[in-house]
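# Observations on the three-dimensional arrangement
Single-letter residue listing:
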Amino acid sequence: MPLCSSQRRSTVLKDLVALTKPRIIRLNLIAGFGGFWVASKWHIDGWLLVWMLLGSALTMASSCVFNNYLDRDFDTKMARTRNRALPQGRMSPGAVLAYAIALGIAGLAVLFSLVDPLTGWLGLLGMFVYVVVYTMWLKRNSTWSTSIGGISGAMPPVIGYCAVTTEVDAGAWILFALLFLWQPAHFWSLAIRRMEEYRAAGFPLLPVVKGVTRTKWQMLPYILLLIPASILMYTYDYVGVYFLVLSLVIVVIWFIHAVSGFRAKDDDKWARTDFIISINYLMIMFFVMILDTNGV
C-alpha cells in the first residue's frame, strides 16, 4: 500500500533527524554546555550559550550527515546501518549532500558571527577532522582512525569554553584532553561487539586488525590518563573537590572493569558493560563539573 502524503512527510522528517545522529549530538552538547559553564564560573550569558549550543549542534549535525553520505556503500554491509535512509534508497545522495552542506554553512555562520571567530575556526577544525581525516581517510585505511578522529569529538567542550574566554588557555586544553582520552576506550568497546560487522564492511578498526586482546590492552592507557586530566581540572581551580573525588572514583571503576576484560569469558557481555560505564562516566563527570564549578 502506497504511503499517503502525511506518512511520507513523517518518514522524511524522521530520516532527516536520523541522518544527524541525534544521540551523538545530545552527548556532545552536554560536553559543550559543561565547557561553557566552567569558563563562565556561574555568570552565564544566556544568549551566548544559546548561540553556542545552536552553532555546535548544526556543525555536528553537518559532520554526521556528511558521514552518512560518504559511508553509504559501507552501510549496506552492516546490520546496524543497512536500514538507514541512504542504503534503503529513501533519500538520494545528492539531497543528503546538500543537506550536509546547508547544515554546515548555517552552523559555522552562527559560530563565526554570533559567538566568536575562534569558536568558528574550532568548529571548522572539528568538521574537517571528522569528515576528511576520519571518515574519508583513516576510517578506511588505518587502525589510528579512532585515536586521531577523537580530535573532532573533543571539540565541543573546547568550543563551549572558548565561547566565553575567546582564547585557548589551560582550561581549554584540559577539557580537550578529557574528551580526547575518553573516546578511544569508549568506541573500542563498541567496536569489539560489532567486530565482525566492521570486518565484513571492510573497516580496519583495531579489534579487526590486531584482535580483541590487543584492543583491551590499548584501552588501558587512555583510561589511566583520565586521572591526571581530572586532577589538573582541580589543580587549576576550575572545579572543586567533589568533582575531583567523584571523577577519580569513576575512572578507577572503569579501569578495574577494563582490566577484568582479560579474564572475561564473554567478550560481548564485557564490552557491553564497558560501553555503558564509559557513557555514564562522561555524563556524570560533566554533570558534577557543572555543579562543582568554582566561581569568582
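Our subject in this report is the structure included herewith. (Residues numbered from 1 in each chain as written. Predicted model: local features only at pLDDT ≥ 70, side-chain atom pairs only at ≥ 80, totals over all residues. Heavy atoms only, no water.)

## Observations regarding the overall build of the protein chain
Helix and strand content of the protein chain: 14 helices and zero strands. Element order for the protein chain, N to C, with α for helix and β for strand: α-α-α-α-α-α-α-α-α-α-α-α-α-α. Here the C-alpha atoms of the protein chain give a radius of gyration of 20 Å, agreeing with the 19 Å that 2.2 N^0.38 yields for 296 residues. Along the first, second and third principal axes, the C-alpha atoms of the protein chain reach 60 × 50 × 35 Å. Long-range contacts, defined here as pairs at least 24 residues apart, represent 73% of the contacts in the protein chain between residues at least 6 apart. Looking at the protein chain as shown, the accessible area adds up to about 13600 Å², and 67% of this sits on carbon and sulfur atoms. Each charge class in the protein chain can be summarised by its mean position, and for the 25 positive and 16 negative side chains these summaries are 11 Å apart. (Helix = DSSP H or I, 4+ residues; strand = E, 2+ residues; numbered from the N terminus. Rg over C-alpha atoms; globule rule 2.2 N^0.38 Å. Contact = heavy atoms within 4.5 Å. Areas by Shrake-Rupley, 256 points an atom, 1.4 Å probe, with all protein chains shown as cover. Lys, Arg positive; Asp, Glu negative; His and termini not counted. Charge placed at Lys NZ, Arg CZ, Asp CG, Glu CD.)

## So, the environment of Val50
Mapped onto the elements of the fold, Val50 is located in helix α3 (residues 46–70). Taking the relative accessible area as the measure of exposure, Val50 reaches 39% and is therefore partly exposed. Considering only alpha carbons, one finds Val50 and Phe33, 17 residues apart in sequence, at a separation of 9.7 Å. (Buried < 20%, exposed > 50% of the residue type's maximum accessible area, 1.4 Å probe, protein only.)

## Looking at the environment of Tyr222
Turning to its location among the elements, Tyr222 is positioned in helix α12 (residues 212–235). Taking the C-alpha atoms as reference, Tyr222 lies 5.2 Å from Leu181; in sequence the two are 41 residues apart. Beyond its immediate chain neighbours, meaning those up to four positions away, Tyr222 contacts Ser147, Leu181, Pro184 and Trp188. A polar atom in the side chain of Tyr222 sits 2.8 Å from the side chain of Ser147. (Polar contact = N/O pair within 3.5 Å; in protein donor to acceptor, adjacent residues only side chain to side chain.)

## Structural notes on the pattern of salt bridges
For the coordinates displayed, the defined rule picks out nine salt bridges. The closest approach of N and O atoms between Arg84 and Asp75, which form a salt bridge, is 3.1 Å. Arg193 serves as the salt-bridge partner of Asp268, at 3.6 Å between the closest nitrogen and oxygen. Of this pair, Asp268 sits in helix α14 (residues 267–291) while Arg193 is found in helix α9 (residues 170–193), placing the two residues 75 residues apart along the sequence. Residue classification places Asp268 among the partly exposed residues on the basis of a relative accessible area of 30%. Exposure remark for Arg193: the relative accessible area of 29% places this residue in the partly exposed category. A single salt-bridge network, built from bridges that share partners, covers Asp71, Lys139 and Arg140. (Salt bridge = Lys/Arg side-chain N within 4 Å of Asp/Glu carboxyl O.)

## Looking at helix α2 (residues 22–40)
An ideal rise of 1.5 Å per residue puts 27 Å on 19 residues; α2 measures up with 26 Å between its terminal C-alpha atoms. Downstream of α2 by one or two residues, Lys41 has phi in the positive range, about 55°. (Expected span 1.5 Å × (residues − 1).)

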